[in-house]
Every structure is written in C-alpha cells, then in structure tokens.
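Listed below are the residues making up each chain.
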Amino acid sequence: MTSTIKFLPIFSILLLVLSCNKDVTTDAALLEKDKKALVESLDSYKVSSYKFGKILIRASVEKDTISPEFKAFRTDLNRIFNTVMKYDLNTPEELSVLDYISIYRDYKKMEDFIMETDEDIFPTLTDAINIHYADSLQTNYTYLTGEDKLYTQNIEHAILSAIVVLSKDLGKEVSLYECSKTKPELLPDSEIKTLLQFFRGFLFFEKQLFYLSENELSRNIIWLENNRDIDLPYTRAMFQWGDLNNQSTHTAFHGLNHLFRGFDRLMMERDIDQKRALEDFEQFLKDAEDIGIENEIIWSVETFLYLKNEENNKAIASLKKLKTSNLLSSKDKKSIDESIVYLKDRKAGEALNSYYDKYFLSKIATKYIFRLLSEIDWKTILEEQNVPHTNEIFKTIEKFKALMDNLETYTNSDVLEDAGENIKNKSKEFWNKTKGILEDDEN
C-alpha cells in the first residue's frame, strides 16, 4: 500500500504529460493554435493603420456614441476624416509633411482604441460612401441594419480582401485582416458564399495557417457536395472556365478545393495528414479527368503521385509538360531538367528527388491562383452588379493606400527631425519679423 502511494505522484505527472501531448495533436487543438496565430499575425502597424483608415470612414456617419472611448476620440476622427477626404490624389502637395505628422500623432494617441475596436460596430462602408457622395439634397438616408448590414459588411470584407491581396502598398497582411473579418457561415447559401470560403482557405494556406485553411476548405467541399445544382457564373469567370457548363464548373471547383486541402495536409506533420493529402490529390485528378482539364497544376500533382508510386516514366512525361508552363522561372525549369535526369537513373526505394518536393508543388498552384486574381477586373464586376458609387469606392481604396504610404514615409525619424528644424526655423523667422515690426513701432 505504501509503495503504491509513493508512486502516485509519478503516475499523475505521467498521465498529465500524456494528456497534454494528446491535446496538442488533435485536429481541434491544432485548429485552435492556428486561430491564436492568426490573431497574433494581425497585430502589426500595416493592419493598424489600414484599420485606422476604415474606422475614419465608417465612424464619420455614426450617429450614436457607441462607447466612452469613441466619444473621447470622435472629434479627432471627424477632423482627420475631413482632412483626408479633401485630399486630391493628383495634388499630393495639398497635405504637407506637418499635416501627416499631425495625423500620425492623432493616430498614435488612439492606436489602442483602433486595435481594440471592432470596425463592424459602425455603419457599413457602403453606407458611409453613399452618404459622403450622395446628393446634398438627400437627408433621409436609411442605414443598413440586422441581416442586411451583416450581409453587406461580409461582402465588403470579402471583396476588399481580394482587391488588396496583390497591392504592394496593402498586400497580404491587410488582405488577411479583411479575410479574418468575414463570416461565411452567416451568409445565405449562394455562389458568393462558396467563393468566399475558398478564398479564405487559400489565404490561410498562403499564410501557413494550414489547419484553419483545411477547416475552411473541408466546410466548402461539404457545401459543394450538398449543392450540386447551384449556378456558378462568377466561379466560371474568375477561373477562366468559360467553355465549361455549370455541372463541369461545379466539378472543377470541387476538385480545386480538394487540391488546396491536399496542400494543407501535405504541409502537416502527422502521418494521418499525409495519407489524407494523397486522397485529396487523387480526388482532384479524378475531377480534372472527368471534365478533360489539363494545366500546370494537374501535371504537378500527377508528377507528385507518380513519384510516390515510383512510376518514373509517367513522372518524367508529366514533368516535360510542366516545363512548358509560363508560371515557372528559368531556375524552376532548370530544376525540372535535373529532376528528369535523376529520375532516369532512380532506383526503386530511393528517396524522392529533392528538386521536386511539396514546396515546389504548392508554389506552382499558388502562382496559378495569384495570376487569376491579378486578371480579375473587380471594378467592372461591381459596376455590372449595379453597386452604387463603384468609382468612389475605388477612389477611397486609393486614398487608403496613399494615407498609409505617406504616413509611413513622412513619420520616419529623419523626416521628423527635418520637420522639427523646419518648425524651429519658421518660428525664428516669424519672431524676427515680429521683432522688426515692434522696433519700427518704437521708432
């Protein structure tokens, strides 16, 4: 009895360690870990200053106090909004270095408020832009509320995440922020919902949040399998599948979701995930074969599976097709040539060629999606959907970019030092003039 009691603490510690290890490796625990990593990744100056610009606009039409913090900064926000909205992109000299320094100081003063505040408590961006650019005689504008507001701001976040992802000024960080603000599960079943879930999955993958991405794409695959007859005109346009009918578009998009879920699982460490990845790739190839699609992504996945199955000749044939892709750099093509030479002499059981690994595979698919995104004319799409003030929406985005870029440019230490000297010199000049006037009066 005594010896059993003596070993109880050791057993307890062992059980605790085992339970912790188990918790860390479950799907749910790894998903939670990614969610925390997403929140941490959004804590940056670029996201904060972008969010600052959006709150400036959305809060400008807010009628209520909302919170004591908002009440404290409301006057400052309105003043900055009025200054920035008067700013003409074609005449940047309208805002001086001192203007930007003043805006930056106000921003730093309310930075905690900006980061802690959910921008969605304010009226939608659509409401704010419509009011700002509306006919001055219109006084009874009704704000969106309830489900209409929820739907509109979700669409706003989704569209902005897609528009800014390729911007050198805003880019992936801001796109990820907008993506994190969307709630596709609250949208009604529609093509917009499935496109949004795919785009979120793609961005999470690109940010290496593989479990978040896998979760998004898994939900999307289930949704697509339960909605086989839904019309997909935007999907067809986005992925340039104009020659496919609706059923074939559905099959192609279903396969694309399996593809990126496969990439997610390929990047994970557990054996079960590697097995699941191969199943996803096989489903992707099956969908592609069903509709007769051939492109660089298909040749890439074929090569990967042929290598796994040690079918060297088939892998070489797919690599030769892949080498014709304009998505590949000269360095990539050189690597393919080296891979082909290696495969010709590769013996059964040898390790996979290091020149053709999972990172190379995912890079090709990622380039493919970014190329498609870069060719989408979002402005035309919004105009075709009769979205009010589309031109003004894009002007506002340009102002976001200009504001963020100039804040960063004009608030570095060298510029601040020059501005300080400038203020000092102007003050001295003013004092000398004043002193001269006073001396003339005395004479």
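The rules we used
Residues numbered from 1 in each chain as written. Predicted model: local features only at pLDDT ≥ 70, side-chain atom pairs only at ≥ 80, totals over all residues. Heavy atoms only, no water. Helix = DSSP H or I, 4+ residues; strand = E, 2+ residues; numbered from the N terminus. Buried < 20%, exposed > 50% of the residue type's maximum accessible area, 1.4 Å probe, protein only. Areas by Shrake-Rupley, 256 points an atom, 1.4 Å probe, with all protein chains shown as cover. Polar contact = N/O pair within 3.5 Å; in protein donor to acceptor, adjacent residues only side chain to side chain. Contact = heavy atoms within 4.5 Å. Phe/Tyr/Trp six-rings, centres within 6.5 Å; stacked < 30°, edge-to-face > 60°. Lys NZ or Arg CZ within 6 Å of the ring centre and 35° of its normal. Axes fitted to C-alpha atoms, helices over the stretch in contact; angles between N-to-C directions. Parallel < 35°, antiparallel > 145°, perpendicular 65-115°, else oblique. Left-handed = near helix turned anticlockwise from the far one by under 90°. Nonpolar A, V, L, I, M, F, W, Y, C, P; charged D, E, K, R; others polar. pLDDT = per-residue confidence, 0-100. Salt bridge = Lys/Arg side-chain N within 4 Å of Asp/Glu carboxyl O. Core = buried A, V, L, I, M, F, W, Y, C linked by side-chain atoms within 4.5 Å.

A.B. asks: Lay out the overall build of the protein in plain terms, naming residues and giving numbers.
C.D. replies: Scanning the protein from terminus to terminus reveals 21 helices and zero strands. Counting all 443 residues of the protein, 47% fall into the buried class. Counting every atom, the protein has about 23800 Å² of accessible surface; 52% of that belongs to carbon and sulfur.

A.B. asks: Help me get a handle on the side chain of glutamate 191, residues and values and all.
C.D. replies: Secondary-structure assignment places glutamate 191 in helix 10 (residues 191-206). Among the polar contacts listed, one links the side chain of glutamate 191 to the backbone nitrogen of threonine 235, at a separation of 2.5 Å. Not counting residues within four places of it along the chain, the set of residues in contact with glutamate 191 comprises Ile230, Asp231, Leu232, Pro233, Tyr234 and Thr235.

A.B. asks: Report on the packing of aromatic side chains, specifying residues and quantitative values.
C.D. replies: Two aromatic rings are characterised by how far apart their centres lie and by the angle between their planes. Scanning the model with the defined rule gives 19 aromatic pairs in all. Pairing phenylalanine 205 with phenylalanine 260 gives two aromatic rings, centres 5.7 Å apart and planes at 75°, and the pair type is edge-to-face. One end of the pair, phenylalanine 205, is in helix 10; the other, phenylalanine 260, is in helix 13 (residues 246-267), with 55 residues separating them in the sequence. Take phenylalanine 205: its relative accessible area is 5%, and that puts it in the buried class. An aromatic cluster is present here, built from Phe198, Phe202, Phe205, Phe210, Phe239, Trp241, Phe253, Phe260, Phe263, Phe281, Phe304 and Phe370 joined pairwise through their rings. Geometry around tyrosine 143 places lysine 63 over its ring, the cationic atom sitting 4.5 Å from the centre.

A.B. asks: For the environment of glutamate 302, give the residues involved together with the corresponding values.
C.D. replies: Locating glutamate 302 in the fold gives a position in helix 15 (residues 296-308). Among the residues examined, glutamate 302 registers a relative accessible area of 16% and is labelled buried. C-alpha of glutamate 302 to C-alpha of serine 318: the two residues are 16 residues apart in sequence and 6.6 Å apart in space. Apart from the residues lying within four places of it in its own chain, the contact partners of glutamate 302 are Leu285 and Ser318.

A.B. asks: Before we move on, could you go through the packing of helix 15 against helix 18 (residues 358-374) and cite the residues and values that matter?
C.D. replies: Packing of helix 15 against helix 18 leaves a shortest axis separation of 9 Å and a crossing angle of 170°. As summarised for this structure, helix 15 and helix 18 are arranged roughly antiparallel, according to the angle between their axes. Considering only the axes of helix 15 and helix 18, their crossing is left-handed. Where helix 15 approaches helix 18, its residues Glu296, Ile297, Ser300, Val301 and Phe304 are matched on the opposing element by Leu361, Ile364, Ala365, Tyr368 and Arg371. A class-by-class count of the residues in the contact of helix 15 with helix 18 yields seven nonpolar, one polar and two charged.

A.B. asks: Just give me the short version of the confidence of the model for the protein, but keep the residues and values in it.
C.D. replies: Of all residues in the protein, 81% have pLDDT values of 70 or greater, and the mean over the chain is 81. When the criterion is pLDDT under 50, residues 17-22 qualifies, and its contacts beyond four places in sequence or with other chains add up to zero contacts.

A.B. asks: Describe the packing of helix 3 (residues 45-59) against helix 9 (residues 171-181), and please don't skip the residues or the numbers.
C.D. replies: Contact pair helix 3 / helix 9: the axes reach a minimum separation of 9 Å and the direction vectors enclose 60°. Considered as vectors, helix 3 and helix 9 are oriented oblique to each other. The hand of the helix 3/helix 9 crossing is right-handed. Packed against helix 3, whose contacting residues are Lys46, Val47, Tyr50, Lys51 and Lys54, the element helix 9 presents Glu173, Val174, Tyr177 and Glu178 at the interface. Taken together, the residues of the contact of helix 3 with helix 9 break down into four nonpolar, no polar and five charged.

A.B. asks: Please give an account of helix 9 that cites residues and values.
C.D. replies: One turn of an α-helix holds 3.6 residues; hence residues three or four places apart share an orientation. Taking burial as the measure, the 11 residues of helix 9 include eight buried ones, the bulk of the element. Among all positions in helix 9, only Gly171, Val174, Ser175, Leu176, Tyr177, Glu178, Cys179 and Lys181 are buried. Of the surrounding secondary structure, the elements contacted by the buried residues of helix 9 are helix 2 (27-41), helix 3, helix 8 (146-164), helix 10 and helix 20 (390-410).

A.B. asks: Go over the pattern of salt bridges with me, naming the residues and quoting the values.
C.D. replies: The full count for this structure, using the stated rule, is 32 salt bridges. Of the charged contacts in the structure, one is a salt bridge between arginine 58 and aspartate 120, with a shortest N-O distance of 2.8 Å. On the criterion of sequence distance, the pair formed by arginine 58 in helix 3 and aspartate 120 in the loop between helix 6 (111-116) and helix 7 (125-133) is long-range, its members being 62 residues apart. Here aspartate 332 ties to lysine 367 by a salt bridge, and the two come within 3.6 Å at their closest N and O atoms. In this pair, aspartate 332 is assigned in helix 17 (residues 330-344) and lysine 367 in helix 18, connecting sequence segments 35 residues apart. Take aspartate 332: its relative accessible area is 7%, and that puts it in the buried class. By relative accessible area, which is 30% here, lysine 367 ends up partly exposed.

A.B. asks: Please provide a residue-by-residue account of unusual backbone geometry, values included.
C.D. replies: Residues apart from glycine generally show negative phi values, whereas peptide bonds are mostly found in trans. The backbone of glutamine 208 shows a phi angle near 65°, a positive value even though the residue is not glycine. In this fold, glutamine 208 is placed in the loop between helix 10 and helix 11 (210-226). Judged by relative accessible area, glutamine 208 falls into the exposed class, the value being 58%.

A.B. asks: Tell me about the nonpolar core, and name the residues and values.
C.D. replies: Phe239, Leu259, Phe260 and Phe281 are the most contacted members of the largest nonpolar core, which has 91 residues in total. A per-element tally of this core places helix 18 first, with nine residues. Non-local contacts of phenylalanine 239, meaning those with residues more than four positions away in its chain, are made with Leu195, Phe198, Phe253, Leu256, Tyr368, Ile369 and Leu372.

A.B. asks: Please give an account of the environment of phenylalanine 263 that cites residues and values.
C.D. replies: Inspection of the secondary structure assignment puts phenylalanine 263 in helix 13. Assessed through its relative accessible area of 0%, phenylalanine 263 is described here as buried. The spatial distance from the C-alpha of phenylalanine 263 to the C-alpha of lysine 358 is 7.8 Å, given a sequence separation of 95 residues. Residue contacts for phenylalanine 263: discarding those within four places in its chain leaves Phe205, Phe281, Leu361, Ser362 and Ala365.

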